[in-house]
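If you want the building blocks of each chain, they are given just below.
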Amino acid sequence: MKDILLGVNVDHIATLRQARGTSYPDPVHAASVAELAGADGITIHLREDRRHINDRDVEVMARTLQTRMNLEMAVTDEMLDIAAQIKPKFCCLVPEKREELTTEGGLDVAGKLVKVSDAVLRLHSHGTTVSLFIDADIAQIDAAKATGAAFIEIHTGQYAEAETEAEMHEELARLIKGIEYADSIGLKVNAGHGLHYFNVKPIAAIPQIIELNIGHAIIARAAIDGLDKAVRDMKQLMLDARAMQLDPFNAASGH
Ligand SMILES: CC(=O)[C@@H](O)[C@H](O)COP(=O)(O)O
Ligand SMILES: NCC(=O)COP(=O)(O)O
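These figures come from a predicted structure and were not determined experimentally.

1. Focus: the site of ligand 2
- Ligand 2 sits among Asn9, Thr43, Glu72, Phe133, Glu153, Gly192, His193, Gly194, Asn213, Ile214, Gly215 and His216.
- Contact distances for ligand 2 include 2.8 Å between an oxygen atom and a backbone N or O atom of Gly194.
- Contact between ligand 2 and Gly215: an oxygen atom at 2.8 Å from a main-chain N or O atom of the residue.
- For ligand 2, whose unbound accessible area comes to 310 Å², protein coverage reaches 92%.
- Of the residues that constitute the shell around ligand 2, the class distribution is 2 nonpolar, 8 polar and 2 charged.

In structure tokens, the structure reads:
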């Protein structure tokens, strides 16, 4: 069974920096620490409002990352122009609303098929591999396939926000159904949003998942225990779940 990869999202190092308008903490430094601790890639979300990651962070990381950049961005001309300059290894197209606290759902690929397909084509033209951040919904998965994107990233937010074990199992079943379907039609599957140290194992145990992108929980843990330990512990939980070939539902029940 293939090892699962960890993409560390360093957005919220930049959130701390923006809180006071200082030059520290630097997400570029955090990315380097995360890579040395075992991150397989670095995810950064350049939002239209630059509330955390800014253009300087993207430009510097494009030159300094030793693993690879996964640039999350909205499907806009501004962001596509930036991606054409930076040429990240990966780009994940995400929905974005200025008023949202964080990403609230998956990209409506089915409803914006021509726009998203054109964006995928433009990103492919400069060698960027594209992932689409979508809900585990068959119509969205079919639409993602139709755009020509190689990857999808399944939104795990509803699973992460489940309040009861029954709800968590229901969400897990929905995610597994979508992930298995996406894999069956030739899409490569990543997952992310809201994952933390106590809910990651059932998701990491799903064999079709290639990579988990995790940010908020790792950066929050880093504030207490340091980023090196926060990354190493998360990666170990993921590798253990995969190596033990855990049943996701048993893992969700704490077995
Ligand atoms: C798409 C997604 O779930 C996250 O990677 C995204 O970055 C969340 O936005 P914030 O980082 O602004 O919370
Ligand atoms: N795409 C998910 C991601 O990069 C990190 O999301 P979160 O762990 O900060 O919720």
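2. Re the environment of Ile44
- Structurally, Ile44 is set in strand β2 (residues 41-45).
- Here Ile44 falls in the buried class, since its relative accessible area comes to 0%.
- Counting along the chain gives 13 residues from Ile44 to Ala31, while the straight-line C-alpha distance between them is 9.6 Å.
- Setting aside chain neighbours within four positions, we find Ile44 in contact with Val10, Asp11, Ile53, Val58, Met61, Met69, Asn70, Leu71 and Glu72.

3. Focus on the state of the cysteines
- Under the counting rule described, the total for this entry stands at 0 disulfides.
- No disulfide involves Cys91; its sulfur sits 7.2 Å from the nearest other cysteine sulfur, which is in Cys92.
- Judged by relative accessible area, Cys91 falls into the buried class, the value being 0%.
- By relative accessible area, Cys92 is classed as buried at 0%.

4. Examining the site of ligand 1
- Taken together, Asn9, Asp11, His12, His45, Arg47, His52, Glu72, Val94, Thr102, Thr103, Phe133 and His193 make up the full set of residues near ligand 1.
- At 2.8 Å from an oxygen atom of ligand 1 is found a side-chain nitrogen or oxygen belonging to Arg47.
- Residues of the shell around ligand 1, tallied by class, amount to 2 nonpolar, 7 polar and 3 charged.

5. A word on the confidence of the model for the chain
- Taken residue by residue, the chain gives an average pLDDT of 97. The fraction at 70 or more is 100%.
- On the interface metric, ipTM, the complex scores 0.96, and its pTM is 0.97.

6. Details of the pairing of strand β6 (residues 151-155)
- Most of β6 sits out of view: 5 of its 5 residues are buried.
- Of the two faces of β6, the one lined by Phe151, Glu153 and His155 and the one lined by Ile152 and Ile154 are each fully buried.
- Note: strand β5 (residues 129-134) against β6, 4 bridges, orientation parallel. Looking at the pairing, Leu132 lines up with Ile152 of β6.
- Taken together, β5, helix α6 (residues 138-147) and β6 form a β-α-β motif whose crossover is right-handed.

Definitions and cut-offs
- Residues numbered from 1 in each chain as written.
- Chains lettered and ligands numbered in written order.
- Predicted model: local features only at pLDDT ≥ 70, side-chain atom pairs only at ≥ 80, totals over all residues.
- Heavy atoms only, no water.
- Near = heavy atom within 4 Å.
- Polar contact = N/O pair within 3.5 Å; in protein donor to acceptor, adjacent residues only side chain to side chain.
- Areas by Shrake-Rupley, 256 points an atom, 1.4 Å probe, with all protein chains shown as cover.
- Nonpolar A, V, L, I, M, F, W, Y, C, P; charged D, E, K, R; others polar.
- Helix = DSSP H or I, 4+ residues; strand = E, 2+ residues; numbered from the N terminus.
- Buried < 20%, exposed > 50% of the residue type's maximum accessible area, 1.4 Å probe, protein only.
- Contact = heavy atoms within 4.5 Å.
- Disulfide = S-S within 2.5 Å.
- pLDDT = per-residue confidence, 0-100.
- Pairing = 2+ DSSP bridges.
- Right-handed = clockwise from strand over helix to strand, strands pointing away.

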